[in-house]
Amino acid sequence: MVQKNINIKNKKARFEYEILDKYTAGIVLSGTEIKSIRLGKASITESFCEFNDKGELFIINMQVDEYSHASHFNHKPKAARKLLLNKQELKKLLKEVNSSGNTIVPLNLFVNDRGLAKMNIALAKGKKLYDKRETIKDRDNKRDLARIKKSFNN
């Protein structure tokens with residue numbers, strides 16, 4: 001079976017938040033969900049992570065489109081899905097979220113070489129408006145510099 005490389009990114013996260021710490025988590029999925037992700041039919045742009053009462057971490061609002069070849073046993077597209085981390089990481093994240101008001105955002109969703117779906121998540125702090133403006137300014141300056149270099153080399 002030839003498997004293409006699946007890497008679904010959350011481009012909004014790096015613009016909206018300042019990344020403090022990164023983790024790689026596994027995801028609990030049903031059969032039709034993983035098949036749909038392997039086809040690249042998922043989106044994490046509007047999603048976020050949240051702890052439940054038992055201290056388990058869930059990803060909320062992640063869109064996984066229904067699998068086209070499934071029967072009536074298909075999954076719900078926006079269901080909450082459990083993320084798998086070890087106990088020390090979960091405790092650390094829970095403490096950080098509760099004490100300092102940080103949030104956990106998904107950065108990208110990928111399928112590893114063993115065929116398992118994994119997600120890079122980050123402990124993040126929301127950016128202020130002026131930080132966002134600065135990010136936009138830096139991006140524009142880099143683009144302009146690249147244009148000048150390209151025209152100079154020709």
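Coordinates for the structure precede this section.
Let us look at the structure shown here.

Structural notes on helix α2 (residues 31-38)
Because each turn of an α-helix spans 3.6 residues, side chains separated by three or four positions end up pointing in the same direction.
For step 1, the next point in the chain: Those residues of α2 not exposed but buried are Thr-32, Glu-33, Ile-34, Ser-36 and Ile-37.
For step 2, the next point in the chain: Of the surrounding secondary structure, the elements contacted by the buried residues of α2 are β3 (42-43), β6 (63-64), β7 (81-84), β8 (103-111) and β9 (117-126).
For step 3, the next point in the chain: At the exit of α2 stands Gly-40, carrying a positive phi of roughly 85°.

Observations regarding the pattern of salt bridges
For step 1, the next point in the chain: For the structure shown, the criterion picks out seven salt bridges.
For step 2, the next point in the chain: Among the salt bridges present, the one from Arg-147 reaches Asp-144, with a minimum N-O distance of 3.5 Å. You can see Arg-147 and its partner Asp-144 sitting in helix α4 (residues 129-153), three residues apart, about one turn around the helix.
For step 3, the next point in the chain: Overall, Asp-144 belongs to the partly exposed group, its relative accessible area being 37%.

Description of the side chain of Asn-108
For step 1, the next point in the chain: Take Asn-108: it is sitting in strand β8.
For step 2, the next point in the chain: In this structure the side chain of Asn-108 is engaged in a polar contact, spanning 2.7 Å, whose partner is the side chain of Asn-7.
For step 3, the next point in the chain: In terms of polar contacts, Asn-108 uses its side chain to reach the side chain of Asn-120, at 2.8 Å.
For step 4, the next point in the chain: Setting aside chain neighbours within four positions, we find Asn-108 in contact with Asn-7, Ile-8, Lys-9, Ile-44, Lys-118, Met-119 and Asn-120.

Here's the deal with the pairing of β9
For step 1, the next point in the chain: Bridge analysis of strand β2 (residues 17-27) against β9 gives nine bridges, and the strand direction is antiparallel. Following the sheet pairing, Tyr-17 is matched in β9 by Gly-126.
For step 2, the next point in the chain: Sheet analysis places β8 next to β9, joined by eight bridges and oriented antiparallel. What sits directly across from Pro-106, in β9, is Ile-121.

Side note on the environment of Lys-82
For step 1, the next point in the chain: The residue Lys-82 is located in strand β7 in this model.
For step 2, the next point in the chain: The class of Lys-82 is partly exposed, set by a relative accessible area of 28%.
For step 3, the next point in the chain: In this structure, the C-alpha to C-alpha distance between Lys-82 and Gly-26, residues 56 residues apart in sequence, is 8.5 Å.
For step 4, the next point in the chain: The contact partners of Lys-82, leaving out residues within four places of it in the chain, are Gly-26, Ile-27, Val-28, Glu-56, Leu-57 and Phe-58.
For step 5, the next point in the chain: Separated by 3.1 Å, the side chains of Lys-82 and Glu-56 make a polar contact.

Rules behind the numbers
Residues numbered from 1 in each chain as written. Predicted model: local features only at pLDDT ≥ 70, side-chain atom pairs only at ≥ 80, totals over all residues. Heavy atoms only, no water. Buried < 20%, exposed > 50% of the residue type's maximum accessible area, 1.4 Å probe, protein only. Helix = DSSP H or I, 4+ residues; strand = E, 2+ residues; numbered from the N terminus. Contact = heavy atoms within 4.5 Å. Salt bridge = Lys/Arg side-chain N within 4 Å of Asp/Glu carboxyl O. Polar contact = N/O pair within 3.5 Å; in protein donor to acceptor, adjacent residues only side chain to side chain. Pairing = 2+ DSSP bridges.

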